[in-house]
Amino acid sequence: MASSLHTVLSISTSSSSSSRSVYTNRVRRLPAHSLVTPLSVSLSRRRLSIRATETDANEVKPQAPDKAPASSGGGSSFNQLLGIKGAAQETNKWKIRLQLTKPVTWPPLVWGVVCGAAASGNFHWNLEDVAKSIACMMMSGPFLTGYTQTINDYYDREIDAINEPYRPIPSGAISESEVITQIWVLLLGGLGLGGLLDVWAGHDFPIIFYLALGGSLLSYIYSAPPLKLKQNGWIGNFALGASYISLPWWAGQALFGTLTPDIIVLTLLYSMAGLGIAIVNDFKSIEGDRAMGLQSLPVAFGAETAKWICVGAIDITQISVAGYLLGAGKPYYALALFALIIPQVVFQFQYFLKDPVKYDVKYQASAQPFLVLGLLVTALATSH
């Protein structure tokens with residue numbers, strides 16, 4: 001009995017922590033039943049011990065890293081400025097604002113303006129035409145593409161909290177009100193440039209302004225509810241492809257010449273290649289898209305099937321356009337386009353078809369220059 005009066009009571013509890021969402025400092029709370037820790041009690045003559053057993057809460061793991069991936073102790077500052085993955089964490093607001101516009105996505109739009117100007121047959125290498133084209137590139141690239149990317153990040157903030165929580169909005173590096181201000185500044189700046197270009201070109205009908213307005217509306221319904229076109233892999237990716245190929249081409253051609261129905265049809269056909277390019281970016285977001293109910297093609301068909309749909313859309317579209325040029329009596333342009341398709345196919349097998357997630361950036365950097373050169377070949381063919 002005396003010994004029982006000196007019984008040692010030891011209590012050890014293991015704490016369980018609920019995972020925190022880095023997005024806007026909100027705490028993702030677990031269901032109440034998973035936070036109730038079942039206790040195991042063992043009673044012996046000399047000691048009573050109470051300890052916490054493993055719980056469901058302990059098994060909750062974050063679905064994504066809470067900081068930017070890096071190869072050597074920190075993300076790349078260059079990647080941060082371009083707005084691509086592997087970016088360094090940044091506190092400078094202007095660098096963060098630039099990152100949101102994803103400058104790496106501007107070149108295709110800028111190139112589209114070049115193609116449209118070439119297709120018009122009326123561009124001349126004088127100071128005024130060069131200045132007009134630069135203004136049109138600014139409208140299509142930094143302003144309206146920047147608007148598109150920023151609004152897309154704004155409406156993707158919950159998905160990014162799963163896939164890439166270190167991005168500017170889910171990490172809290174920039175506030176929602178600051179992002180909304182940026183969206184409006186870029187939108188109004190782009191529309192204003194569109195109106196200015198119409199006046200500069202002497203248009204009776206403000207076609208460039210309406211192209212800018214239509215493209216901005218398309219960008220909004222692509223990202224924002226209730227329509228949110230990106231929820232459907234086919235419609236959303238075609239809308240994205242048209243925005244990257246058709247719209248800047250139309251703006252460049254309308255600025256220096258006349259936008260004709262045959263060019264509209266041809267560039268919309270070419271936008272099927274843009275659909276394929278858009279699919280490339282869907283592979284890295286499969287987990288978040290599935291969690292949020294977005295039917296991207298990799299989610300709907302599986303990664304293996306989707307990667308073949310992707311390369312098929314890119315290759316078949318260009319082969320069809322080359323066939324059109326051949327049938328239109330422009331064999332040299334058709335052969336040039338065929339020659340530019342070959343290295344794209346090589347890089348698809350070398351990188352993309354092996355691992356579309358691991359090699360997405362390397363594939364795009366290797367193959368897309370040949371695709372955009374093919375656009376210029378087609379534009380030059382249609383101008384003669």
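Not measured: the values here are computed from a predicted model.

(A) Main features of the packing of aromatic side chains. Under the definition given, this model contains 13 aromatic pairs. Ring centres of Phe123 and Trp125 lie 5.0 Å apart, and the angle between their planes is 85°; this geometry places the pair in the edge-to-face category. Residue classification places Phe123 among the partly exposed residues on the basis of a relative accessible area of 22%. You can call Trp125 exposed: its relative accessible area is 78%. Relative to Tyr359, the ring of Tyr351 has its centre 5.7 Å away and its plane inclined at 45°; by these criteria the two rings are tilted. An aromatic cluster of three or more residues is present, and its members are Phe347, Tyr351, Tyr359 and Phe370.

(B) Structural context of helix H16 (residues 331-352). An ideal rise of 1.5 Å per residue puts 32 Å on 22 residues; H16 measures up with 30 Å between its terminal C-alpha atoms. Here H16 has its buried residues at Ala334, Leu337, Leu340, Ile341, Pro343, Gln344, Phe347, Gln348, Tyr351 and Phe352. Structurally, H16 contributes buried residues whose contacts are with helix H12 (261-280), helix H15 (303-327) and helix H17 (360-382).

(C) Region of the structure containing H17. Under the 1.5 Å per step criterion, the end-to-end length of H17 is 32 Å for 23 residues, consistent within 8% with the ideal 33 Å. In H17, a bend of some 35° at Ala367 exceeds every other bend along the element, and Pro369, a proline, comes one to four places later.

(D) Focus on the pattern of salt bridges. Across all of its chains, the model carries 8 salt bridges by this definition. Ionic pairing is found between Asp153 and Lys102, a salt bridge with its closest N-O pair at 2.8 Å. You can see Asp153 sitting in helix H6 (residues 127-155) and its partner Lys102 sitting in the loop between helix H4 (93-100) and helix H5 (106-120), a full 51 residues away along the chain. Using a relative accessible area of 5% as the deciding quantity, one classes Asp153 as buried. Using a relative accessible area of 13% as the deciding quantity, one classes Lys102 as buried. Linking Glu176 and Arg157 is a salt bridge whose minimum nitrogen-to-oxygen distance equals 3.7 Å. Note that Glu176 is positioned in helix H9 (residues 176-201) and Arg157 in helix H7 (residues 157-163), a separation of 19 residues in sequence. Residue Glu176 is classed as partly exposed on the basis of its relative accessible area, which comes to 24%. Residue classification places Arg157 among the buried residues on the basis of a relative accessible area of 16%.

Thresholds applied
Along each chain, numbering runs from 1 in the same order as the chain's sequence is written. Given that the model is predicted, a residue must reach a pLDDT of at least 70 before its local features are reported, and side-chain atom pairs must reach 80 or more before they are shown or counted; all residues, however, enter totals for whole chains, interfaces and linings. Computation of side-chain values covers all heavy atoms of the structure but excludes hydrogens and water. Two aromatic rings, drawn from Phe, Tyr or Trp (for Trp, its six-membered ring), form a pair once their centres lie within 6.5 Å of each other, and the interplanar angle then sorts them: stacked below 30 degrees, edge-to-face above 60, tilted otherwise. When a residue's accessible area, from a 1.4 Å probe over protein chains only, is under 20% of the maximum for its type it is buried; when over 50% it is exposed; and in between it is partly exposed. Segments assigned H or I by DSSP are reported as helices when at least four residues long, segments assigned E as strands when at least two residues long, and all are numbered from the N terminus. Expected span, for any helix, means 1.5 Å times one less than how many residues it has. Two residues qualify as a contact provided that any one of their heavy atoms is within 4.5 Å of a heavy atom in the partner residue. At every residue, the bend is computed as the angle between two fitted axes, covering the seven residues ending there and the seven beginning there respectively. Any carboxyl oxygen of Asp or Glu that lies within 4 Å of a side-chain nitrogen of Lys or Arg is treated as forming a salt bridge with it.

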